[in-house]
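# Commentary on secondary and tertiary structure
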Amino acid sequence: MSEELWRLSACEMSIGIKDGRFGSKDIVSSCLQRLEEVNPVINAVTEVRAEAALASAEQADRLLADGKPGGQLHGIPVCIKSNVDVEGWATVNGCTALKDNIAPANSDSVQNWLDAGAIVIARTNTPEFCCRWETSNEVYGATHNPWDLQRTPGGSSGGSAASIATGISPLAHGTDLGGSLRDPAQACGIASIKPTIGRVADWNPTDPEHQGIGVQLMNTDGPMARRVADVRLGLQAMAAASFHDPCWVPLPLQASPAKPVIALVTNPAQQGINPQVARGVEHAGKLLENAGYKVELIEPPGIEEAADIWKVICIHELLSQLAPAVKDICGARLQNTFEHYHHVLPDLTLDQYMQAFGRRRALLLKWLEFFQSYQLIVAPISTQPPALSDSDQVSAEKTADIIHAQRMTVAISALSLPAAVVPVGVESGMPQAVQIIGAPFTEMDCLAAAEDIEQQVIMPTPIDPPASS
């Protein structure tokens, strides 16, 4: 029985463990075996501690045997992106110089999952400093898309997304500053959610004390899974209280009683979209109409401006704050990427940087007004299918094209809004997905609509990756 338990969703695992049909150790053993089978092909996982995971699973089984109730994630194996702290593990973040960066404590998102009973089995790969829509570095090499090994799994949570898609674990952690929970979910055909800033506490012991205001306003942790119900379960556990993050908001996670009106965006800012991606968005609109939603083809104001605000704030902060470290300790890929960013975003004045925050507030007010009529927005993530790996290394122009394709995604980051991702099918051998965007703190509405799409779509995940060549 344990050989196939890795195929189960997190919710199915939770029910089975608590019903006594199988134990946490059975589940963890099955997932570790799956990891050994597929990770040599996709290279999603960077570090595994099997003995510790099995010992934690045995303890979880003993607690239930003693009649002690478990938390929401009791006994469920999870993977954690290697840019956040897990006590006693190195927070490498794809950088050779950080191989011995041992975390003294857990990040809030990790601690909340552990408090809910989760068992960390592995760490997942990232690009250096999570600064690319790609997942490769000079420490661990490239993570491969399990649908097509020549293509990117997305970034920067590509290791987590690929591990989920292949069944290494049912639930994984990711982060999102410019699409890193959403772009890999599209590329690997899984579900995820970027929460509203303040929904999940953002504290990481090994991070610098002084972060840019853009990072504070736009960066968040979130869950990734194959099924929307698992994303919801992971979010409920991850959003627990914390005194470390002054932006954390103690609002309940709850959905609206009525089905919202949906704005469908098929070509953000009318600036071009791959026909395959557009068909996926249109299909999502039809599926939501089938589920009883009112769907209108209309887009919110200022998508292009929101994307520009993200570039001005976030790329500027990356270049100004990280560039010295990148030059001194990072590999050729990230150095090349930063050179491309310099071409994408010419030098700014302090006034231009400061004005971007005023522009952001004014535009967010317009979006909040838009949400009065259209409570959810369904849109593409990247407007292009997953590219060949390391496409961002080709030229500054190619990097600019990649950023342009992410304009809808970075626009949502700029405005700190929640967005769920759900697959809508497979075309030409690659998965298609959409993001469902809501007003602040409407994560459960986003997930409810995502689940209504999911119930009408058959996805083959978990998948077996193709044999490596």
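Residues numbered from 1 in each chain as written. Predicted model: local features only at pLDDT ≥ 70, side-chain atom pairs only at ≥ 80, totals over all residues. Heavy atoms only, no water.

### Details of the overall build of the protein chain
Secondary structure assignment for the protein chain yields 15 helices and 13 strands. Computed over C-alpha atoms, the radius of gyration of the protein chain comes to 21 Å, within 12% of the 23 Å expected from 2.2 N^0.38 for 469 residues, which places it in the range of a compact globule. Pairs at least 24 apart in sequence give 78% of the contacts found in the protein chain among residues at least 6 apart. Only carbon and sulfur atoms are counted for the fraction: they give 51% of the accessible area of the protein chain, which is about 17500 Å². Charged side chains of the protein chain number 32 positive and 53 negative; the gap between the two group centres comes to 3 Å. (Helix = DSSP H or I, 4+ residues; strand = E, 2+ residues; numbered from the N terminus. Rg over C-alpha atoms; globule rule 2.2 N^0.38 Å. Contact = heavy atoms within 4.5 Å. Areas by Shrake-Rupley, 256 points an atom, 1.4 Å probe, with all protein chains shown as cover. Lys, Arg positive; Asp, Glu negative; His and termini not counted. Charge placed at Lys NZ, Arg CZ, Asp CG, Glu CD.)

### A look at the packing of aromatic side chains
In total, this model carries five aromatic pairs according to the counting rule given. Here the aromatic rings of tryptophan 133 and tryptophan 310 are separated by 5.9 Å at their centres, their planes lie at 45°, and the arrangement is tilted. With a gap of 177 residues between them, tryptophan 133 in the loop between strand E3 (119-124) and strand E4 (136-137) and tryptophan 310 in helix H10 (residues 303-329) connect regions that are remote in the sequence. With relative accessibility at 5%, the residue tryptophan 310 sits in the buried group. Plain terms: the ring middles of tryptophan 367 and phenylalanine 371 are 6.4 Å apart, the flat faces sit at 65° to each other, and that makes the pair edge-to-face. In this pair, tryptophan 367 and phenylalanine 371 are both assigned in helix H12 (residues 350-373), four residues apart and thus about one turn of the helix distant. Between the NZ or CZ atom of arginine 34 and the centre of the ring of tryptophan 6, over which it lies, the distance is 3.9 Å. Between the NZ or CZ atom of arginine 49 and the centre of the ring of tryptophan 89, over which it lies, the distance is 4.3 Å. (Phe/Tyr/Trp six-rings, centres within 6.5 Å; stacked < 30°, edge-to-face > 60°. Buried < 20%, exposed > 50% of the residue type's maximum accessible area, 1.4 Å probe, protein only. Lys NZ or Arg CZ within 6 Å of the ring centre and 35° of its normal.)

### A look at the pattern of salt bridges
Once their charged atoms are close, side chains differing in charge can pair, the charge on each being opposite to the other. According to the stated counting rule, one finds 17 salt bridges in the structure shown. Where arginine 359 meets glutamate 305, a salt bridge forms, and the shortest distance between an N and an O atom there is 3.4 Å. Within this pair, whereas arginine 359 is found in helix H12, its partner glutamate 305 is found in helix H10, the two being separated by 54 residues in sequence. Judged by relative accessible area, which is 27%, arginine 359 ranks as partly exposed. (Salt bridge = Lys/Arg side-chain N within 4 Å of Asp/Glu carboxyl O.)

### So, the nonpolar core
Leu73, Trp113, Ile121, Ile436 and Ile453 are the most contacted members of the largest nonpolar core, which has 88 residues in total. If one sorts the elements of this core by residue count, helix H2 (residues 24-42) sits on top with eight residues. Counting residues in each nonpolar core, the second largest holds 48 residues, with Cys95, Leu177, Met218 and Leu319 among its members. (Core = buried A, V, L, I, M, F, W, Y, C linked by side-chain atoms within 4.5 Å.)

### Focus: the pairing of strand E6 (residues 171-176)
Among the six residues of E6, six are classified as buried, and the element is accordingly described as predominantly covered. Along E6, one buried face is formed by Leu171, His173 and Thr175 and the opposite face, lined by Ala172, Gly174 and Asp176, is buried too. Here six bridges tie E6 to strand E8 (residues 220-225), and the two strands are oriented antiparallel to one another. Across the sheet, histidine 173 pairs through a bridge with proline 223, a residue of E8. (Pairing = 2+ DSSP bridges.)

### What about the packing of H10 against helix H14 (residues 407-414)?
Two elements in contact, H10 and H14, have axes separated by 7 Å at closest approach and are oriented at 70°. As summarised for this structure, H10 and H14 are arranged roughly perpendicular, according to the angle between their axes. Considering only the axes of H10 and H14, their crossing is left-handed. Touching Ile303, Ala306, Ala307, Ile309 and Trp310 of H10 are Arg407, Met408, Val410, Ala411, Ser413 and Ala414, all from H14. A breakdown of the residues in the contact of H10 with H14 according to their chemical character gives nine nonpolar, one polar and one charged. (Axes fitted to C-alpha atoms, helices over the stretch in contact; angles between N-to-C directions. Parallel < 35°, antiparallel > 145°, perpendicular 65-115°, else oblique. Left-handed = near helix turned anticlockwise from the far one by under 90°. Nonpolar A, V, L, I, M, F, W, Y, C, P; charged D, E, K, R; others polar.)

### Points about the pairing of E3
Of all six residues in E3, six are buried, a share of seventy percent or more. Across three bridges, strand E1 (residues 45-48) lies against E3 in antiparallel orientation. Each residue of the ladder has a partner; that of valine 45, found in E3, is threonine 124. Pairing of strand E2 (residues 77-81) with E3 involves five bridges; the strand directions are parallel. For valine 78, the partnering residue across the bridge sits in E3 and is valine 120. In this fold, E2 hands off to helix H4 (residues 108-115), which returns the chain to E3; that crossover is right-handed. (Right-handed = clockwise from strand over helix to strand, strands pointing away.)

### Brief notes about the packing of helix H11 (residues 332-344) against helix H13 (residues 396-405)
As a packed pair, H11 and H13 sit with axes 9 Å apart at the nearest point and diverge in direction by 75°. Of the possible angle classes, the one that applies to H11 and H13 is roughly perpendicular. Across from His340, Tyr341, His343 and Val344 in H11, the residues of H13 making contact are Ala396, Thr399, Ala400 and Ile403. Each residue belonging to the contact of H11 with H13 can be placed in one class, and the counts come to five nonpolar, three polar and no charged.

### Some points on the sheet that holds E3
Strand order in the open sheet made by the eleven strands is E1-E3-E2-E6-E8-E7-E12-E13-E11-E9-E10, with mixed pairing throughout. What marks the edges here is a single partner per strand, and that holds for E1 and strand E10 (295-297). Direction aside, neighbouring strands of the sheet carry axes that sit 30° apart on average. In terms of strand pairing, strand E7 (residues 191-194) meets strand E12 (residues 419-427) through three bridges, oriented antiparallel. Bridge pairing links isoleucine 193 to alanine 420 in E12. Sheet strands touched by H14: E6, E7, strand E11 (376-379), E12 and strand E13 (430-438). Its angle to E13, the strand with the most contacts, is close to 30°. Those strands touched by helix H15 (residues 443-454) are E7, E11, E12 and E13, and its axis lies near 15° from that of E12.

Shape descriptors only; they carry no functional weight alone.
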